[in-house]
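# Fold and contact review
Listed below are the residues making up each chain.
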Amino acid sequence: MKKHLFLLFYTLLLTSCDDGDVIVTSFDFSDQNVAYCSTVDNNETEVTNYIFYKINPDTNEAIAFRISTSDPILTEPSGTNTYIYTLGSSSSTFVSYRIFNNPVTSDYFCSELPPTQPTVSKEYKSAEGTVTIVTQGDYDDNDGIDAEFEMTLLGETDYDGDGIPNYYDFDDDGDNIPTINEGVAFNEDGSIDIEGSLDTDGDEIPDFLDPDDDGDGVLTINEDKDRDLNPSNDQTVDGVPDYLNDTETTDYEINEYRLHSFALDNITLTINLTNLVFVNEDGSETIRQQELYFGELNAGSETTTVKPEFLN
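Below you will find a few notes about this structure. The numbers attached to residues start from 1 for each chain and follow its sequence in the written order. Predicted model: local features are reported for residues with pLDDT of at least 70 only, side-chain atom pairs are reported and counted for 80 or more only, and whole-chain, interface and lining totals are derived from all residues. Only heavy atoms go into the side-chain values, all of them from the structure, while hydrogens and water stay out.

## Things to note about the overall build of the chain
Along its length, the chain carries three helices and eight strands. Strands are runs of DSSP state E lasting at least 2 residues, helices are runs of H or I lasting at least 4, and numbering of each runs from the N terminus. Of the regular secondary structure in the chain, the N- to C-terminal order runs α-β-β-β-β-β-α-β-α-β-β. In this scheme, a residue with accessible area under 20% of its type's maximum is buried, one over 50% is exposed, and one in between is partly exposed, where area comes from a 1.4 Å probe on protein chains only. Classification of the 312 residues of the chain by burial places 46% in the buried group. By the convention used here, residues are in contact when the closest approach between their heavy atoms is within 4.5 Å. Taking all contacts inside the chain whose residues are at least 6 apart in sequence as the whole, residues at least 24 apart take part in 65%. Accessible surface computed for the chain: about 15700 Å², of which carbon and sulfur atoms make up 44%. The method behind every accessible area is Shrake-Rupley, applied with a 1.4 Å probe, and residues are considered shielded solely by the protein chains displayed.

## Points about a negative patch on the surface
Where like charges cluster on the molecular surface, the negative patch consists of Asp146, Glu148, Glu188 and Asp189. Mapped onto the fold, Glu148 is located in helix H3 (residues 147-150). The patch calculation keeps residues exceeding 30% relative accessible area without a salt bridge and links them within 9 Å when they carry like charges or within 5 Å when they are nonpolar (Val, Leu, Ile, Met, Phe, Trp, Tyr). Salt bridges are identified by distance alone: a Lys or Arg side-chain nitrogen within 4 Å of an Asp or Glu carboxyl oxygen. We score Asp and Glu as negative and Lys and Arg as positive, and we do not count His or the chain ends. By convention, the point assigned to a charge is CZ for Arg, NZ for Lys, CD for Glu and CG for Asp.

## Thoughts on the environment of Asp210
Among the structural elements, Asp210 can be located in the loop between H3 and strand E7 (260-280). For the pair Asp210 and Gly174, spaced 36 residues apart in sequence, the C-alpha separation works out to 8.9 Å. With sequence-adjacent residues up to four places away left out, Asp210 is seen in contact with Asp173, Asp175, Asp201, Asp203 and Ile205. Only 2.9 Å separates the side chain of Asp210 from the backbone nitrogen of Asp212, close enough to count as a polar contact. Here a polar contact is taken to be a pair of N or O atoms separated by no more than 3.5 Å, where protein atoms must pair a possible hydrogen donor with a possible acceptor and residues adjacent in sequence count only if both atoms sit in side chains.

## Describing the state of the cysteines
Disulfide: a pair of cysteine sulfur atoms within 2.5 Å of each other. All chains considered together, the criterion is met by one disulfide. Disulfide partner of Cys37: Cys110, at an S-S distance of 1.6 Å. On the criterion of sequence distance, the pair formed by Cys37 in strand E1 (residues 35-40) and Cys110 in helix H2 (residues 107-110) is long-range, its members being 73 residues apart. A relative accessible area of 30% places Cys110 in the partly exposed class.

## Focus on the packing of aromatic side chains
Centres within 6.5 Å are what make two rings of Phe, Tyr or Trp a pair, Trp counting through its six-membered ring; a difference in plane orientation under 30 degrees is then read as stacked, over 60 as edge-to-face, and the rest as tilted. Following the criterion strictly, the structure yields 15 aromatic pairs and no others. Between the aromatic rings of Tyr139 and Tyr167, the centroid separation amounts to 5.7 Å while the plane-to-plane angle is 55°, which identifies the pairing as tilted. Separated by 28 residues along the polypeptide, Tyr139 in strand E6 (residues 120-140) and Tyr167 in the loop between H3 and E7 bring together distant segments of the chain. Judged by its relative accessible area of 15%, Tyr139 is buried.

## Some remarks on the pattern of salt bridges
Under the counting rule described, the total for this entry stands at three salt bridges. Across the pair Glu123 and Arg98 runs a salt bridge, and its minimum N-O distance is 2.9 Å. Here Glu123 is found in strand E6, whereas its partner Arg98 is found in strand E5 (residues 94-100), with 25 residues between them in sequence. The buried category is assigned to Arg98, whose relative accessible area is 2%.

Written as structure tokens, this is what we have:
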């Protein structure tokens with residue numbers, strides 16, 4: 001069953017406006033902050049319902065748009081791409097511009113129960129238009145290495161080939177031992193000191209890039225006796241994990257990676273509305289905006305957890 005937020009906003013969208021001769025005078029939200037609410041459809045967990053809105057408290061106006069999408073607009077930078085959504089009055093993506101009889105707050109858009117106040121004096125709903133969203137942010141895999149120094153490791157952008165680039169892969173060599181626990185050393189400028197990093201088997205490949213840390217011919221990922229995807233807690237000899245003990249060579253044939261979590265920090269969404277056509281309820285009035293800069297949303301940080309595909 002869908003969460004209340006979707007039902008609330010859809011109900012509000014269909015609410016009849018109060019009668020009254022209200023003239024649109026400002027349509028100015030340039031000084032207002034962007035805010036948002038989101039919910040997930042329990043029956044379709046890949047799709048998130050978002051409501052982005054701005055409120056002008058001086059004029060009791062608000063503009064809001066709703067999109068339902070599986071795009072990772074809050075968890076993945078758009079890069080050279082732009083998230084684009086077509087607006088309409090009857091689709092699941094629309095813009096509503098409203099004038100209220102009294103001040104309106106975020107509760108109006110984000111409450112689970114429909115508010116009775118304030119009431120809508122006048123409303124214009126999008127008949128046409130486009131929303132574009134550009135997402136920016138900084139990935140952090142919490143492995144202690146700055147992303148700029150982790151882009152390529154020994155010439156590879158995805159060193160272990162698990163589909164997660166090094167700069168947000170918390171286990172760069174895919175051995176189920178987090179990079180931060182494999183003795184990475186650093187130079188004064190924060191770059192990686194390859195030669196100074198821990199190299200248990202002395203093969204000139206540091207442990208954080210070596211899939212067989214002790215050089216015993218059994219991959220570290222497979223020296224996991226209890227099969228909990230954590231080789232570091234398996235010790236046949238007290239005090240020495242099997243993956244660092246070259247005399248322990250049992251291969252447990254593990255064919256699975258640990259769950260990977262990474263964060264996108266300093267998230268900023270830049271939102272623009274273009275070629276807008278707003279129509280009032282009875283179709284007698286139209287507002288046209290060729291371009292309306294909706295603003296920037298500073299959304300903080302979002303954490304994503306994924307299961308890398310095992311291809312070995």
